[in-house]
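Commentary on secondary and tertiary structure
Here is how the chains run, residue by residue.
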Amino acid sequence: MTHTPDQTQDAGLLDMLERAASIGVWRLDSRTGALTWSQQLADTHGAPPGYVPRGDPLQHFAPENRDKLRELVDACAADGAPFDEEAQIVRLDGRRAWVRVLGQPVRDEHGAIVAVQGAVQEIAPRGLRPGTLLRMGAALGSGEAFATVDHNGQYTYLNDQAERLLGAESRQLLGRRFWNSFQKTVRLRLEEQFRAACSAGIQLEFEELDARLVHWFEVRAFPFGGGMAVHLRDVTSRRKAQEQLRLLEGSISRLNDIVIITEAGPFSDPGPRIVFVNEAFERRTGYSRDEVIGRSPRFLQGPNTQRRGLDQIRAAMEEWRPARVDLINYRKNGEPYWVDLDVSPVWDKERKLTHWVAVGRDVTERKLAEEKIQHLAFYDALTKLPNRQLLMDRLHAALADPARPREGALMFIDLDNFKVLNDTLGHQKGDMLLQLVAERLRSCVAKGDTVARLGGDEFVILLENRGDKPLEPAKGARAVAERILAALGEPYVLPGYLHHSTCSIGVTLFGKSDRTVSELLKQADLAMYQAKSAGRNTVCFFDPEMQAVVTANATLAADLRQAWRENQFRVDYQPQFGADGRMIGVEALLRWVHPQRGVVPPDQFIAAAEETSLIVPIGRWVLDAACAQLSEWERRPDRRHLSIAVNVSVRQFRDPEFVDEVMTVIEQWRVPPNKLKLELTESLLANGIDVTIAKMGSLKEMGVALSLDDFGIGYSSLSYLKRLPLDQLKIDREFVKDILTDANDAAIARTIIGLAHSLNLDVIAEGVETEEQRDFLARQGCHSYQGYLFCRPLPIEELEEFMDRLAVEAEV
């Protein structure tokens, strides 16, 4: 048959459209049974050009689809019923593909059906390049992984995305049941859900971990005639983010600290609104979450909430910076409580302020304890009067403001012959007399004046001229002194005894002249001595700062003793490395794990331990722990080369039993003595050098290694150094810290290294935090290092894990 040019052009256009739409055309003659295929339909089947199947026209459809399609084709040929059905074809290479099959009748001029014609469109055509928008769109209009499964759950088709997502090709997955693509623990449940959805013809959705336990898949399956069309999406990132969010929310919810999150603004009334509170907030305040969400935190404030603290928070919020204050807030029942409040801004990726987070710790007990300590620190326990320190504070306050100097009087009162009463009738009656004197003194002054007890039988009265209580100092002091003389001159009724006593009073005045507290006290002292000849006397004051230091040291010493009794100490270990990067040993470092304050740095308690002599039993315990660890490592070939350095304090080293204790612990744990290194401080050289050298010699004879710690910052003398039986010098971290920027530190380090080499001593540097510092030290001849560049100090469990990781890395 000859085609005209126009007809040829039309046929070419038709072929192009068929290829673009992946549609092949077919025709089945009803009378002769002749079947014709278009070229695109042959391509869809992977057949050569001009291919037409012989025999059964439906032979290239999947066996499970043929009967249904045969019914549809016969109905169309007989009754003219058009059809539109999804089915699978089996290509000549044996691979399957989902297609859409359409059919309609062809009638002659009399209306009789003479043929059935139609089209076959590949749903996800393989002729299109994988990864293109066209192909992904062909996969049911989605960029997602797509597959089909039959009613038994077996894969019948998978697109490229599904193959990549499941980590296998179609030929490996076709015929396998799709629930086997998920972790074993859920397969039975997924099978039951699938069969139920298939039976009911309903959609199935779930998220589960894949069989490799690596990815989370979101699965949406939709029923169709051949089974289920399945969409899969990798949601691993979202699941991890959700898990992290749940972990964060759970952690915040279970914190003992109060957590409040508010919006970023506004700062004006009513203020930022609350969007989150944790469980601790509900427990501490009595408010439920529903009661506070959407409200400003200002409802927690009350009459005693500190205005200054609120102003600090407001100023910080206006400048978008953190703030920390102590405030009084109020519970739902109206009860006040103290909170240590830390308010911080929250920024998004664009540095836009989104929220404020307030973390508050209920410090009511601490504040009450502080108030109690305050009372003990500032009030006399016997008379309940202010003590010397509080008196000093009030004196300072009276004279501190040069713009508004106050006027007043300072009065010293001394009981006559009080010592005689104590010596004859005993301290019990003396204490009773002091309590009665305190009551009478209080009755002699106006409200707001200070009556204090300095100690013993010495009392002080501070009178001030204030706006609410005008006072002419000289007249006021004279009148008060007369009342005191009269009141204290009255007899005292003590158990079984009527006591008569007098007092001596010294008075000094202060006004608008520029005088310090020290000058005022000196004048009061002179006045007391001048009055002494007529019965007046006084004593000197303690320095309040010294008292505060003594109190703090006493508290620390008590805490240390309790820590020792309650086993609050632990030994951490910081690895030491050689030039080849291998770990050569560790330094044992003492840590105090306080139940309230957390880990207390050694520089805050070692000095107190020295002063209280607790350093001796603590040091003995550290030495025993180190040898016990050496003994354990000695049984392991991969740890046997490690040494442990133990710091020895001056007090511990000077203990007469120290050398014997070292020998005993080495023998007890059966460790090689050379694996134990004792780090001695330079302060040992300050005095008793001969005894020090003798002890070091004894230790050296035992085989114990000796290192001079913090070399260069203490009492080192070259004349002494050459006499010491040392094995090693340790460069202090203070020289290492600025070794690259401070020429003096670099020179000192070079000198120490050179000195060590000249004395045939090893040298190690501590505090090495950068590779540049290590490289500098290596160039100078120091090849042993310790510092955060390599590892921080670790508890023994974490140290073992660290060494295991090193071993694994070394094998790789």
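Residues numbered from 1 in each chain as written. Predicted model: local features only at pLDDT ≥ 70, side-chain atom pairs only at ≥ 80, totals over all residues. Heavy atoms only, no water.

Quick notes on the packing of aromatic side chains
Counted according to the given criterion, the structure contains 20 aromatic pairs. For the pair Y785 and F790, a centre-to-centre distance of 6.0 Å together with 15° between the ring planes defines the contact as stacked. Assessed through its relative accessible area of 3%, Y785 is described here as buried. Three or more aromatic residues link up through ring pairs in this structure, and these residues are F178, W179, F182, F194, F206 and F217. Taking NZ or CZ as reference, R295 lies 4.1 Å from the ring centre of F299, over its face. Positioned over the ring face of F653 is K695, at 5.6 Å from the centre of the ring. (Phe/Tyr/Trp six-rings, centres within 6.5 Å; stacked < 30°, edge-to-face > 60°. Buried < 20%, exposed > 50% of the residue type's maximum accessible area, 1.4 Å probe, protein only. Lys NZ or Arg CZ within 6 Å of the ring centre and 35° of its normal.)

A few points about helix α11 (residues 307–318)
Compared with the 16 Å implied by 1.5 Å per residue over 12 residues, the 16 Å span of α11 between its first and last C-alpha is a close match. The set of residues buried in α11 consists of G309, L310, I313, A316 and M317. Buried residues of α11, seen end-on, are gathered within an arc of 125° and therefore sit on one face of the element. For α11, the exposed residues lying more than 90 degrees away from the buried face are R307 and R308. Residue W320 follows α11 closely and has a positive phi angle near 60°. (Helix = DSSP H or I, 4+ residues; strand = E, 2+ residues; numbered from the N terminus. Expected span 1.5 Å × (residues − 1). Arc of directions from axis to C-beta.)

A short note on the nonpolar core
Soluble globular proteins: nonpolar side chains tend toward being buried together. Membership of the largest hydrophobic core comes to 78 residues, with the highest contact counts inside it found for L676 and L678. Here this core gets nine residues from one element, more than from any other, and that element is helix α20 (residues 615–634). When neighbours within four sequence positions are excluded, L676 is seen to be in contact with L623, C627, L630, I644, V646, V662, I666, V704 and A705. Of all hydrophobic cores here, the second largest spans 28 residues; its members include M411, V437, F459 and L463. (Core = buried A, V, L, I, M, F, W, Y, C linked by side-chain atoms within 4.5 Å. Contact = heavy atoms within 4.5 Å.)

Quick look at the sheet that holds strand β7 (residues 155–158)
Taken in spatial order, the five strands make up an open sheet running β7-β6-β10-β9-β8, and their pairing is antiparallel. Every interior strand has two partners, whereas the edge strands, β7 and β8 (204–209), have only one. Geometrically, the sheet is characterised by an average inter-axis angle of 25° between neighbouring strands, direction not taken into account. With three bridges joining them, strand β6 (residues 145–149) and β7 adopt antiparallel strand pairing. Paired with T148 across the bridge in β7 is Y157. Running over the sheet, helix α7 (residues 187–200) touches β6, β8 and β10 (227–234) and is turned about 165° from β8. (Pairing = 2+ DSSP bridges. Axes fitted to C-alpha atoms, helices over the stretch in contact; angles between N-to-C directions.)

Worth remembering: the numbers are spatial, not functional.
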